[in-house]
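Coordinates in review
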Amino acid sequence: MELHGVGVGRGIAIGPILRMPDPLPAPTEAKHGGDSTAEFAATESALAVVAGELMARGEKAGGKAQGVLEAAAMMAQDPELVDDVKARIGAGTSGERAVFEAFNAYRDILLGMGGLMAERATDLGDVSQRIIAHLRGVPAPGVPQSDIPFVLVAPDLAPADTALLDLNKVLGLITRDGGPTSHTAILARSKSIPAIVGVTGALDLTDGTVVIADAGAGLVTSDPSDAALADAMARVAERAAQAAAPITEGALADGTRVPLLANLGSPKDAAKAVELGAEGVGLFRTEFLFLDSATAPAVAEQQQQYTELLRHFPGKKVVVRALDAGADKPLSFLNDAHEENPALGLRGLRALRANEQILREQLQALVNSQGETEADLWVMAPMVADADETDWFVKLGKSMGLKTVGVMAEVPSLAVMAAQVAVASDFVSIGTNDLTQYTLAADRMLGSVAAYQDPWHPAVLRLVKLLGDAGAATGKPVGVCGEAAADPQLAVVLVGLGATTLSMTPAALADVRAELAGVTLEQARVKATAALDATTAAGARAAAQRA
Ligand code: PEP
Ligand code: MG
C-alpha cells in the first residue's frame, strides 16, 4: 500500500513501524474494593517502577535528557505527592484515580507559581500517565520503547516527545498532521531524521508493519516487495556514500554558484555549521541575547558575542539580523502593550524604531565587531514594510559605519515594491516563514491553519519572483533564509526564481547541495515557471517535480 504526504529532506527510512500509543482516558471515579492497604501497596510499587524506569532511561540518554528524566523520576516519588495519594486511597478512591487526582492537584499548584515551575507541570502529566498505564498493564504513552530500531508513527509530535527522541532507535518519522513548517518538520530537518508529515491514513498502519518512508518522494510504502526493498536499500547506501564524499561549494550542474549558508541562533552553533560545509551565515538570529533578560544587554556584551561568531568565518559572509522581537518572540522591554493580533503589531523593525536607542546600541556593537575580525559582516532588518522603511534602516546603518546593510522580505508589501526596495538596499533576504504567514493570512503558530503555511503556494512563489527579478535588474543579491531554502526541491525552484544564495539549518546543507548539483540554471528556471503556473501549493510541488 502507498500513502502520500509532505517529505522533509531526502532521507529514506526502512524498518518496522511503531505507533505512538493513544493518550490514556482519565480513570473513572470508581472506588477500590475496600482493602486500602493492598491498593496503596500496588500503587506505591507502580510509582517505584516508573521512577526506576525514568532513571534508567536518563542514565542511558545522558546529557540534557538525563536531567529532565531524573527530575521526572523524583516527581514520581515526591513524599508530599505520595502522602496525598495514600490519603485518597484511604478514603476509598481507586489507586489509578488517586494518582490522577493527586498529580492534577500538584500540577495546578505548579501552574499557579508560573515561570519555570509551571513548565514542570507538563512533565507531571506525563509521569502520572505512565503510572496509570503501569497500573492498567497497558503501554505507557509518549514515544514507545523498543530494543530494535523503528519508524515512529504518530498523529503529531509534541516538543516534549521530540526532545527525548533516541536517534539510535528512531529511523524516521511519519505523522498524520503537520505541514512543512510544523514543529515536527523543523525538528526532523535539524536532526536529519527522514520524515513525512501530513500522511492521511498513517494511523491505520499496524505495529510491526515494514515500511519504506521515502522523504524525497513524500511516499510511504507499506509491506514493500523484495525488489522495492532492494532498490530502497541501494539508495540509502548511495546517500551514505554521498554524505561521506568531500564537501564541495554549492553549485548547479552547469557550474552556476549558489553559496549555501547557515541559519544560526548562537555563536556556539558556528563550529558545527562550518564542519557541515556552511560557506558563511545567511541568518544570525540575535534574539538569544535579549529574550531572557529584563533589559537590553550592554554594547560590550553584545559585541563580544558578535565577535565570537564572526571569528568562525574569516573572509566569509555573515548576515546578522537586528533584533526581531514581537509576536512569536515577545519582549516586554520593547513592547508590553496588549495587542489583539501581535503578528500584525509593533514587531521587528517597527518595535526597533519605537525604541531607537536599543537599535542604535545593537548596530554600534556590530560596527565594533566588524573591525575586530576578517569576516564580511552584513546587517539586515526584520519585518520591513516598504522602500521608505528600507531607506531609513540602510541610511542609519551606514551612517554608523556598517559596510553592507539590507532588509528581510517578510511582509508582502515589501515584495510588491521590490523594484524600489532593491534600489534602496544593498541586498534582500527572503524570510519565507513570515512571508508565507502574511501572504496566506495564516498564523504560523496555529495548527488549525497549518495547511496554509506552505511556501510552495504559487502566491508566495510569485512574490519571490518579484524580488528575484528586482535583484537581477539592479545587480543586488537576493538570498532566502526561511525554512523553504532547506527543502531541496523548493531550493531548486527558488534559484530558478532568482535567489542567489540559500541559508538553512546546517543539517539540511548536504541534501540541498546534492539536489542543486543535479540541475542546470535553465532546468531550475523551467521548474520555477511550472510551479508559478500552478494553482495550489501541492500543484506547484508536483509541477516542479514533473518539469
Ligand atoms: C522567516 O520569517 O522566514 C525567518 C527566517 O525569520 P524567523 O523564522 O526568525 O521569523
Ligand atoms: Mg521572520
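1. Concerning the overall build of the chain
Helix and strand content of the chain: 21 helices and 16 strands. A compact globule built from 547 residues should have a C-alpha radius of gyration of about 24 Å, and the chain, at 26 Å, falls within 12% of that. In terms of principal-axis extent, the alpha carbons of the chain reach across some 85 × 60 × 40 Å. Here the chain, with 547 residues, has 51% of them falling under the buried criterion.

2. Structural notes on the pairing of strand E8 (residues 219–222)
Covered by surrounding structure in E8 are Leu219 and Thr221 together with Val220 and Ser222, the residues of both alternating faces. Where strand E1 (residues 2–4) meets E8, three bridges bridge the pair, whose relative direction is antiparallel. In the strand pairing of E8, leucine 3 is matched with valine 220. The pairing of strand E7 (residues 210–214) with E8 spans four bridges and is classified as antiparallel. By the bridge assignment, isoleucine 212 is partnered in E8 with threonine 221. Between E7 and E8, which follow one another and run antiparallel, lie four residues, and glycine 218 among them has a positive phi close to 60 degrees.

3. Some thoughts on the coordination of the magnesium ion (ligand 2)
The protein atoms that coordinate the magnesium ion (ligand 2) are Glu410 (OE) and Asp434 (OD), at distances spanning 2.0 Å. On the criterion of sequence distance, the pair formed by glutamate 410 in the loop between strand E13 (404–409) and helix H14 (412–416) and aspartate 434 in helix H16 (residues 432–439) is long-range, its members being 24 residues apart. Residue glutamate 410 shares its accessibility class with aspartate 434, and that shared class is buried.

4. Examining the environment of glycine 216
Counting through the fold element by element, glycine 216 comes out in the loop between E7 and E8. Separated by 43 residues in the primary sequence, glycine 216 and proline 259 place their C-alpha atoms 22 Å from one another.

5. Some words on the packing of aromatic side chains
What the rule picks out here adds up to two aromatic pairs. Relative to phenylalanine 288, the ring of phenylalanine 284 has its centre 5.9 Å away and its plane inclined at 75 degrees; by these criteria the two rings are edge-to-face. The class of phenylalanine 288 is partly exposed, set by a relative accessible area of 31%. Between tryptophan 378 and phenylalanine 427 the ring centres are 4.8 Å apart and the planes differ by 50 degrees, which places this aromatic pair in the tilted class. Of the two residues, tryptophan 378 sits in strand E12 (residues 376–381) while phenylalanine 427 sits in the loop between helix H15 (418–424) and strand E14 (428–430), which places them 49 residues apart along the sequence. Each member of the pair, tryptophan 378 together with phenylalanine 427, is buried. Lysine 317 extends its terminal NZ or CZ atom over the ring of tryptophan 378, reaching a point 4.0 Å from the ring centre.

6. What about the sheet that holds strand E5 (residues 170–175)?
Reading across from one edge, E1-E8-E7-E3-E4-E5-E6-E2 is the order of the eight strands in this open sheet, with mixed pairing throughout. The outermost strands of the open sheet, each flanked by one partner alone, are E1 and strand E2 (6–8). Strand-to-strand, the axes of this sheet are offset by a mean angle of 30 degrees, without reference to chain direction. Sheet strands touched by helix H8 (residues 226–244): strand E3 (12–19) and E7. Its angle to E3, the strand with the most contacts, is close to 115 degrees.

7. Looking at the site of ligand 1
Neighbouring ligand 1 are 14 residues, the closest being Arg285, Glu410, Gly431, Asn433 and Arg444. Within the contact set of ligand 1, an oxygen atom lies 2.8 Å away from a side-chain nitrogen or oxygen of arginine 285. In the model, an oxygen atom of ligand 1 is placed 3.3 Å from a nitrogen or oxygen of the glycine 431 main chain. For ligand 1, the protein covers 98% of the area, taking 290 Å² as the surface of the free molecule. Among the cavities detected, the one that contains ligand 1 is the largest pocket. At the level of secondary structure, the elements contributing two or more residues to the shell around ligand 1 comprise strand E10 (280–285) and H16.

8. Some words on the domain arrangement of the chain
Per the domain assignment, the segments of the chain are domain 1 (2–17 + 143–244), domain 2 (36–136) and domain 3 (260–546). A straight line from the C-alpha centre of domain 2 to that of domain 3 covers 44 Å.

Definitions and cut-offs
- Residues numbered from 1 in each chain as written.
- Chains lettered and ligands numbered in written order.
- Predicted model: local features only at pLDDT ≥ 70, side-chain atom pairs only at ≥ 80, totals over all residues.
- Heavy atoms only, no water.
- Helix = DSSP H or I, 4+ residues; strand = E, 2+ residues; numbered from the N terminus.
- Rg over C-alpha atoms; globule rule 2.2 N^0.38 Å.
- Buried < 20%, exposed > 50% of the residue type's maximum accessible area, 1.4 Å probe, protein only.
- Pairing = 2+ DSSP bridges.
- Donors = N, O, S within 2.8 Å, 3.2 Å for Na, K, Ca; no water.
- Phe/Tyr/Trp six-rings, centres within 6.5 Å; stacked < 30°, edge-to-face > 60°.
- Lys NZ or Arg CZ within 6 Å of the ring centre and 35° of its normal.
- Axes fitted to C-alpha atoms, helices over the stretch in contact; angles between N-to-C directions.
- Contact = heavy atoms within 4.5 Å.
- Near = heavy atom within 4 Å.
- Polar contact = N/O pair within 3.5 Å; in protein donor to acceptor, adjacent residues only side chain to side chain.
- Areas by Shrake-Rupley, 256 points an atom, 1.4 Å probe, with all protein chains shown as cover.
- 1 Å grid on protein atoms, 1.4 Å probe; cavity = no way out; pocket = protein on both sides within 12 Å on 5 of 7 lines; lining within 4 Å.
- Sits in = over half its atoms within 2 Å of the grid points.
- Domains from an automatic or database assignment.

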